[in-house]
Amino acid sequence: MDALMIELLTRLGWTSLQSVLLVALVWGVCRLLPALPTATRCRLWWLVAAQAVLGLVWSSPLELAVLPAPAAPTTQLAALPAVETALASAPVMTDAVVMAAPQAALSWPALLLAAWAAGVLVMLVHSLRGYRHSRALVRGAADCTDATLRQALQLAAEAHGLRRAPTLKISAQIRSPQLIGPWRPVLLLPARELPAMSADDLDMALTHELVHLQRRDLWWGLLPALAQHLFFFHPLVHLAAREYAVAREEACDGAVVAGHGHCRHDYGRLLVQLGVAPRPAVGVASASPNFRSLKRRLLTLQQTRRFPRVAALAITAMVVLVGVAPMRLVAAVAPPPPPAPPAPAAPHVPTPPAPLPAAVPLAAPAPLAAPVPLAAPQPPVAPTAPHAPEPPKALGDGMALVTHGQLNLSRQPATAFVLMGGDSNFVDASMADLKQAKHDAHGDEPALWVRRGQDRYLIRDPAVLRQLARTQAEVVALGNAQVGLGDRQSELGQLLADASMQVTADAMASVDVAALANLAARQSSAAAASEAGQAARQARLAARKAVDAQQIARVAREQAEMGREQARLAQQQSMATARASRDVRAAIDQALSSGKAERLRD
């Protein structure tokens, strides 16, 4: 119930904000284009009311990612061993912990929703009183007995494309012609003013009311009235409804003048003669509701400039596309920083032996039977190969530890969800939520665990879970692709380390053979020195053959390409995670509103 109240209040807030922007747009268009046709103005102000009503009933608004992205995204996991340790040490939430936070008897969403419902009820009572007054006015009117007047009304109705003329009655309680009721319209004529009206004035007044019927204004006017009831607190919605009513009367005035043989001066004189009269609750009247509206109608009659029809249609289409569809402003998805490619492990290079001091005098050469063997050079220490990623471990009750999405390690968000199913989970929750979801699921069956405030829900509807499984599959595939790239990068690092170790070993062999030749030249005969020099030349030749610079360069380039590919996959996974999170939240709202979510009791 709390979720429904919060959703309704959210829609009221976002729709009210969008109505402000749409009213500003329509007002600016009407102000900048004074020659805009009155029928187009009427449509534009009607679209404001349509946007307000659609904002409450449309379940999937358009999301505009224009808000700044969060400063630091929470940790994204894929088989982290540290999570197992944290979850194992985290205590399971007991009933006492859940009940420790008392819930208020009436929360602020309930109070706001109650105030909104009370306002709507007051508006409804006011409208019902007006409706009863209008029906009483119709019942108190007398039927028109003038056959000539009824026949003239029938002919005028047929000329305007109406299948039948409205019922004609005479009322002593009104001062101007009125058309009441969208279902069975009744045309009321004033009993006191009727004898003083000339035939031309009566013809123009009847034509004005028939144009209302031809345009179906009584039906179209129900939507602005509904918007006024639902958004009674919004002054701009009331402004849009009033502007729609004035533009509707101006459009009928223009139709009367355009299709009537009389001049604009005669029709303006008729409007002044009818004066100001209150508008009926469920109908329209020829008289203006106030002096400001009467002045605007008279000024509009003086405008004779024509406006291009194509431009008027383009303006209407622009307002429909830009402002009518319900919209929500959401945070943009922040692209993750590209990960730096892993640097190859630096091989261990042993320290070469120090050269002999030149100032030390050598002893007399002794006859050598064979050269004195030196200690064999120690091979360089090979770098440690990177460990392959361990397979995902499982938590206590079989819930896989391959977790995608956002896991908050430092705080508990106000709302959270855990989508469990298959070999992976998709979460937007804290560590305690993940542990509580495992506890509430009671098994390995797919389920969607939801927490809103202190209320917990479990959704096991197969249709909802199948839909979310397709959404989650993209995130899982991108995660697996990143793991594969990581394995390939580890292999390339191992190859680069082996090549570096071989180069170092060959260089050390060359250094040790050169030292042997130097020592032999000091202590032995010239023949031994010649043999040592030949051995040194052979060692240097072998070292040059062992160095494969092209292979090392190729491995380095491939490793750099792997790093760029991994950065691209990381950005795609971040965007896919944001889309999947929005889909899950939309499915949660739909499941809560349709009763498919099971509320967990403590």
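What this report covers is the structure whose coordinates are included nearby. (Residues numbered from 1 in each chain as written. Predicted model: local features only at pLDDT ≥ 70, side-chain atom pairs only at ≥ 80, totals over all residues. Heavy atoms only, no water.)

## Focus on helix H7 (residues 199–215)
Short version of the rule: Numbering of helices and strands runs from the N terminus, with a helix taken as a DSSP run of H or I at least four residues long and a strand as a DSSP run of E at least two residues long. Helix span is expected to be 1.5 Å times the residue number reduced by one. Exposure categories follow from relative accessible area, calculated using a 1.4 Å probe and restricted to protein chains: below 20% of the type maximum is buried, above 50% is exposed, and the middle band is partly exposed.
Under the 1.5 Å per step criterion, the end-to-end length of H7 is 24 Å for 17 residues, consistent within 8% with the ideal 24 Å. Of all 17 residues in H7, twelve are buried; the element is thus mostly enclosed. For H7, the set of buried residues is Asp201, Leu202, Met204, Ala205, Leu206, Thr207, His208, Glu209, Leu210, Val211, His212 and Leu213. Once H7 ends, the next one or two residues include Arg216, with phi positive near 55 degrees.

## Side note on a nonpolar patch on the surface
Formally: Patch rule: a residue counts if its relative accessible area is over 30% and it has no salt bridge; like charges are joined within 9 Å, and nonpolar side chains (Val, Leu, Ile, Met, Phe, Trp, Tyr) within 5 Å. Where accessible areas are quoted, they stem from the Shrake-Rupley method and a 1.4 Å probe; at the residue level, only the protein chains shown are allowed to cover. We count a salt bridge whenever a side-chain nitrogen from Lys or Arg sits within 4 Å of a carboxyl oxygen from Asp or Glu.
Together, Leu121, Leu124, Val125 and Leu128 make up an exposed nonpolar region whose accessible area comes to about 350 Å². Turning to its location among the elements, Leu124 is positioned in helix H5 (residues 108–140). A relative accessible area of 42% places Leu124 in the partly exposed class.

## A few points about the packing of aromatic side chains
Keep this limit in mind: Paired rings are identified among Phe, Tyr and Trp, the last through its six-membered ring, by centres lying within 6.5 Å, and are further divided according to the angle between planes into stacked (under 30 degrees), edge-to-face (over 60) and tilted (the rest).
What the rule picks out here adds up to four aromatic pairs. Considering the side-chain rings of Trp183 and Trp219, the 5.7 Å spacing of their centres and the 75 degrees angle between planes classify their relative orientation as edge-to-face. Note that Trp183 is positioned in the loop between strand S4 (178–180) and strand S5 (186–190) and Trp219 in helix H8 (residues 217–220), a separation of 36 residues in sequence. Here Trp183 falls in the exposed class, since its relative accessible area comes to 58%. In this structure Trp219 comes out as partly exposed when scored by relative accessible area, which is 42%. Aromatic side chains Phe232 and Phe233 sit 5.5 Å apart centroid to centroid with 90 degrees between the ring planes, which places their arrangement in the edge-to-face category. Three or more aromatic residues joined by ring pairs make a cluster, and in this case those are Phe231, Phe232 and Phe233.

## Structural notes on the environment of Asp2
Mapped onto the secondary structure, Asp2 falls in helix H1 (residues 2–32). A residue is classified by how much of its surface remains accessible, and Asp2, at 35% relative accessible area, is partly exposed. Residues Asp2 and Ala110, spaced 108 residues apart in sequence, show a C-alpha to C-alpha distance of 7.8 Å.

## With respect to the pairing of strand S10 (residues 424–430)
Formally: Should DSSP find at least two bridges between two strands, the strands are regarded as paired.
Of all the seven residues making up S10, seven are buried; the element is thus mostly covered by neighbouring parts of the structure. Alignment of strand S8 (residues 403–408) against S10, held across six bridges, turns out to be parallel. Note on S10: the bridge partner recorded for Thr403 is Asn425. Both strand S9 (residues 415–421) and S10 contribute to a ladder of five bridges, which runs antiparallel. By the bridge assignment for S10, Gly421 is matched with Ser424.

## Re the pattern of salt bridges
All chains considered together, the criterion is met by 13 salt bridges. Residues Glu250 and Arg296 are paired through a salt bridge, measuring 3.7 Å at the closest nitrogen-oxygen approach. Residue Glu250 is found in helix H10 (residues 235–259), and its partner Arg296 is found in helix H12 (residues 291–301); the two are separated by 46 residues along the sequence. On the accessibility criterion, Glu250 (5% relative accessible area) is buried. A salt bridge links Arg585 to Asp428, with the nearest nitrogen and oxygen atoms 2.5 Å apart. Of this pair, Arg585 sits in helix H17 (residues 549–594) while Asp428 is found in strand S10, placing the two residues 157 residues apart along the sequence. Taking the relative accessible area as the measure of exposure, Arg585 reaches 29% and is therefore partly exposed.

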